[in-house]
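Residue strings, one per chain:
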Amino acid sequence: MRKKVNFLPDQLTNCYSYEAYKTFVSDLVSQGKTSGPEQREDLIHYTELNAKRMKRVEKTTVLTDSVKENLLKLSQPLTWLIISEAWCGDAAQIVPVIGKIAAETEHLDLKIILRDEHLDIMDQYLTNGGRSIPKLICLDDQHQEVFSWGPRPKTIQQVVIDTKSEGITDHGILVERIQNAYNQDRSTSIQQELSELMSLHFS
């Protein structure tokens, strides 16, 4: 089992609230840029798509009864820290859902940091050795990790596994399948997994 992390306050710098993060992504689009050191054409294109996706996901996400019930069980201040980047397609589908969950209770303080500005944190949450995002880290009031989650729900990850098992190596096909899966899932899997984690740790 991976050792849980105790964060130092000075590690959590250059944090965005959800509203500030949305503005940040929108400003990048208006400037024809993306986040991170690589200003590649494809990443800039994904950022533009993601700005639209985030608006759509936020508008269409309805919190489940299970999530609402588990939020009512929270009695201590928590920080939900998300590691993200503007070009990340998974983040565009997930961050708005987490933003809506956090907005439902005064006990959750949502902070968003950029992966490539915080590699010291990112490298403690690798997925199969890779810097996959988004990652959600739940911290207590002493900045100690309670749980972590990500980079995507199991149902969406299964789409990735199935696509690769078919021998498909075209990245465009994989991205399309992932986005279609998110659209069909309508945040159900994300909410279910986060609800289960809250129930496990705070019931």
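Scroll up to find the structure this text is about.
What this report covers is the structure whose coordinates are included nearby. Fair warning: this is a prediction, and the values are worked out from it, not measured in the lab.

### Here we look at the overall build of the chain
- For the chain, the helix and strand inventory stands at 8 helices and 4 strands.
- Helices and strands appear in the chain in the N-to-C order α-α-α-β-α-β-α-β-β-α-α-α.
- Against the 2.2 N^0.38 benchmark of 17 Å for 203 residues, the chain shows a C-alpha radius of gyration of 16 Å, consistent with a compact globule.
- Along the longest, intermediate and shortest principal axes, the C-alpha atoms of the chain span 45 × 35 × 35 Å.
- Buried positions account for 46% of the 203 residues belonging to the chain.
- Counting every atom, the chain has about 10600 Å² of accessible surface; 49% of that belongs to carbon and sulfur.
- Here the chain contributes 23 positively and 29 negatively charged side chains, and the mean placements of these two sets differ by 2 Å.

### A closer look at the nonpolar core
- Counting 59 residues, the largest nonpolar core has Phe7, Trp80, Ile101 and Leu194 as the members making the most contacts within it.
- Here this core takes 8 residues from helix H4 (residues 89-102), the largest share from any one element.
- Once you skip the residues sitting within four places of it in the chain, phenylalanine 7 turns out to touch Leu12, Leu81, Ile121, Tyr125, Ile137, Leu139 and His143.

### Quick notes on the sheet that holds strand E3 (residues 135-139)
- Across the sheet, 4 strands lie side by side as E2-E1-E3-E4; this open sheet has mixed pairing. Bordering the open sheet on either side are strand E2 (108-114) and strand E4 (145-149), each of which pairs with just one other strand. Direction aside, the axes of adjacent strands within the sheet are offset by 20 degrees on average.
- Examined bridge by bridge, strand E1 (residues 78-84) and E3 share 5 bridges and lie antiparallel to one another. Note that in E3 the partner of isoleucine 83 across the bridge is lysine 135.

### Description of unusual backbone geometry
- Looking along the chain, the bond that leaves isoleucine 133 and enters proline 134 is cis, with omega of 5 degrees.
- For proline 134, the location among the structural elements is in the loop between helix H5 (119-122) and E3.
- Within the chain, asparagine 128 stands out as a residue other than glycine whose phi angle is a positive 50 degrees.
- Looking at the secondary structure, you find asparagine 128 in the loop between H5 and E3.
- The exposure class assigned to asparagine 128 is exposed, which follows from its relative accessible area of 82%.
- Of note in this structure, arginine 186 is not a glycine but carries a positive phi near 55 degrees.

### Description of helix H8 (residues 188-202)
- Compared with the 21 Å implied by 1.5 Å per residue over 15 residues, the 21 Å span of H8 between its first and last C-alpha is a close match.
- Among the residues of H8, Ser189, Ile190, Gln191, Glu193, Leu194, Ser195, Leu197, Met198 and Phe202 are the ones counted as buried.

### Quick notes on the pattern of salt bridges
- Across all of its chains, the model carries 9 salt bridges by this definition.
- Of the charged contacts in the structure, one is a salt bridge between lysine 22 and glutamate 58, with a shortest N-O distance of 3.1 Å. Of this pair, lysine 22 sits in helix H1 (residues 18-31) while glutamate 58 sits in helix H2 (residues 41-60), placing them 36 residues apart in sequence.
- Its salt-bridge partner being glutamate 166, residue arginine 177 comes within 3.2 Å of it at the nearest N-O pair. Highlighted residues: arginine 177 in helix H7 (residues 171-185) and glutamate 166 in the loop between helix H6 (154-165) and H7, separated in sequence by 11 residues.
- Classification of arginine 177 as partly exposed rests on a relative accessible area of 30%.
- Each of Glu19, Lys22 and Glu58 takes part in one network of salt bridges that share partners.

### A word on the side chain of asparagine 50
- Relative to the elements of secondary structure, asparagine 50 occurs in helix H2.
- Among the polar contacts listed, one links the side chain of asparagine 50 to the backbone oxygen of tryptophan 87, at a separation of 3.2 Å.
- Residues contacting asparagine 50, with those up to four places away along its chain left out, are Ala86, Trp87, Cys88, Gly89 and Ala92.

Procedures and definitions
- Residues numbered from 1 in each chain as written.
- Predicted model: local features only at pLDDT ≥ 70, side-chain atom pairs only at ≥ 80, totals over all residues.
- Heavy atoms only, no water.
- Helix = DSSP H or I, 4+ residues; strand = E, 2+ residues; numbered from the N terminus.
- Rg over C-alpha atoms; globule rule 2.2 N^0.38 Å.
- Buried < 20%, exposed > 50% of the residue type's maximum accessible area, 1.4 Å probe, protein only.
- Areas by Shrake-Rupley, 256 points an atom, 1.4 Å probe, with all protein chains shown as cover.
- Lys, Arg positive; Asp, Glu negative; His and termini not counted.
- Charge placed at Lys NZ, Arg CZ, Asp CG, Glu CD.
- Core = buried A, V, L, I, M, F, W, Y, C linked by side-chain atoms within 4.5 Å.
- Contact = heavy atoms within 4.5 Å.
- Pairing = 2+ DSSP bridges.
- Axes fitted to C-alpha atoms, helices over the stretch in contact; angles between N-to-C directions.
- Expected span 1.5 Å × (residues − 1).
- Salt bridge = Lys/Arg side-chain N within 4 Å of Asp/Glu carboxyl O.
- Polar contact = N/O pair within 3.5 Å; in protein donor to acceptor, adjacent residues only side chain to side chain.

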